[in-house]
Amino acid sequence: MKNLIICSLVIVLSACATPMQSGSTCVVEDEYFQAHRSIAWSDDYARISQDPLDAIAPVTLEQIRMEIQAQFTEIGFDFVADAADAEMLVSFVVATRQEISTGAYAYPDGYWWGVYRDPVVVVQSTTTERREAYLAIDLTEARSERPLWRGWAQQPVYDANRNNPAPLIKKAVASILTELPGAARPAS
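Residues numbered from 1 in each chain as written. Predicted model: local features only at pLDDT ≥ 70, side-chain atom pairs only at ≥ 80, totals over all residues. Heavy atoms only, no water.

Caption draft 1: Here's a closer look at the overall build of the protein chain. Broken down by element type, the protein chain carries five helices and six strands. Each helix and strand of the protein chain, placed in order from N terminus to C terminus, yields the pattern α-β-α-β-α-β-β-β-β-α-α. Counting all 188 residues of the protein chain, 32% fall into the buried class. Relative to all contacts within the protein chain whose residues are 6 or more apart in sequence, the contacts with residues 24 or more apart total 75%. Total accessible area on the protein chain stands at roughly 11700 Å², and carbon and sulfur atoms take up 55% of it. (Helix = DSSP H or I, 4+ residues; strand = E, 2+ residues; numbered from the N terminus. Buried < 20%, exposed > 50% of the residue type's maximum accessible area, 1.4 Å probe, protein only. Contact = heavy atoms within 4.5 Å. Areas by Shrake-Rupley, 256 points an atom, 1.4 Å probe, with all protein chains shown as cover.)

Quick look at the structure:
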């Protein structure tokens, strides 16, 4: 029993240690983000791409919006209330994904109820479930609506993340914004 508990704990801890993946795509020079520092929310700022986990509630969207605004402000960008006064517009896309994999493996087994006998092949089936959350942040030029930059992050999620998404949201936004050119160098 003790070995089963230790094994279960190792599996849970290794699953929680799965690193967040992030990346970005930029179509302007890095200097663009040093010269343009005012941002407003796009009219259609939040989009849900897919949500088979039923995890993206309106309150979760608001938590994402607040965290994005807080972290952009922290790295030196200015949020303005009116999009007409902004140089860039920001929006985000959020999605969840669930993968269920099944498989089987066979092994020879020559032990049955305490008696060794000729080996027989035992087939063991397995089912694994993987849940992921995905967040992308998009910046577009305010006047022309030209796409400028997209940063994204994805990570496996667990029931604890669904019950309290704020720490995962904070981590995802921080991971995404480290990809933004000029993010660590606020304009002077």
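Read on for the rest.
Caption draft 2: Local environment of helix α5 (residues 166–177). For α5, built from twelve residues, the straight-helix expectation of 16 Å at 1.5 Å per residue is met to within 8% by its first-to-last C-alpha distance of 16 Å. Burial in α5 covers these residues: Leu 168, Ile 169, Ala 172, Val 173, Ser 175, Ile 176 and Leu 177. (Expected span 1.5 Å × (residues − 1).)

Caption draft 3: Representation of unusual backbone geometry. A positive phi angle, close to 50°, is found at Asp 54, a residue other than glycine. Assignment of secondary structure puts Asp 54 in the loop between β2 (38–48) and α3 (58–74). One non-glycine residue with positive phi stands out, namely Glu 145, at about 60°. Within the fold, Glu 145 resides in the loop between β5 (115–141) and β6 (147–156).

Caption draft 4: Representation of the layout of surface pockets in the model. Estimated volume of the largest pocket: approximately 380 Å³. For the largest pocket, the lining is made up of 24 residues, of which Thr 96, Ala 133, Val 157, Pro 165 and Leu 168 are closest to its centre. When contributions to the lining of the largest pocket are tallied by element, the ones reaching two or more residues are α3, β4 (88–112), β5, β6, α4 (159–163) and α5. Of all the elements, β5 adds the most residues to the lining of the largest pocket, at four residues. Taken together, the residues of the lining of the largest pocket break down into 16 nonpolar, five polar and three charged. Roughly 210 Å³ of internal volume is contained in the second largest pocket. In terms of lining, the second largest pocket is formed by 15 residues, of which the most central are Ser 42, Leu 89, Thr 140, Ala 142 and Glu 145. Listing elements by their share of the lining of the second largest pocket, those giving two or more residues are β2, β4 and β5. In terms of residue count, the dominant contributor to the lining of the second largest pocket is β2 (four residues). (1 Å grid on protein atoms, 1.4 Å probe; cavity = no way out; pocket = protein on both sides within 12 Å on 5 of 7 lines; lining within 4 Å. Points joined across faces, edges and corners; volume = space filled by probe spheres on them. Nonpolar A, V, L, I, M, F, W, Y, C, P; charged D, E, K, R; others polar.)

Caption draft 5: Representation of the packing of aromatic side chains. According to the stated counting rule, one finds seven aromatic pairs in the structure shown. For the ring pair Tyr 45 and Phe 92, a centre distance of 6.0 Å and an interplane angle of 55° mean the geometry is tilted. Taken together, the residues span a long stretch of sequence, with Tyr 45 in strand β2 and Phe 92 in strand β4 at a distance of 47 residues. Its relative accessible area of 0% is what places Phe 92 among the buried residues. Within the aromatic cluster, the residues linked to one another by ring pairs are Trp 41, Tyr 45, Phe 72, Phe 77, Phe 79 and Phe 92. Directly above the ring of Phe 77 sits Arg 37, whose terminal nitrogen or CZ lies 3.8 Å from the centroid. (Phe/Tyr/Trp six-rings, centres within 6.5 Å; stacked < 30°, edge-to-face > 60°. Lys NZ or Arg CZ within 6 Å of the ring centre and 35° of its normal.)

Caption draft 6: Representation of the pattern of salt bridges in the model. Counted according to the given criterion, the structure contains nine salt bridges. For Asp 138, the salt bridge identified is with Arg 47, shortest N-O distance 3.4 Å. Of this pair, Asp 138 sits in strand β5 while Arg 47 sits in strand β2, placing them 91 residues apart in sequence. Exposure remark for Arg 47: the relative accessible area of 32% places this residue in the partly exposed category. Notably, a salt bridge pairs Asp 138 with Arg 150, separated by 2.6 Å at the nearest N-O pair. (Salt bridge = Lys/Arg side-chain N within 4 Å of Asp/Glu carboxyl O.)

Caption draft 7: Expanded view of the environment of Ile 48. Among the structural elements, Ile 48 can be located in strand β2. In this structure the C-alpha to C-alpha distance between Ile 48 and Val 93, which are 45 residues apart in sequence, comes to 5.8 Å. Those residues in contact with Ile 48, other than ones at most four positions away along the chain, are Ile 56, Leu 61 and Val 94.

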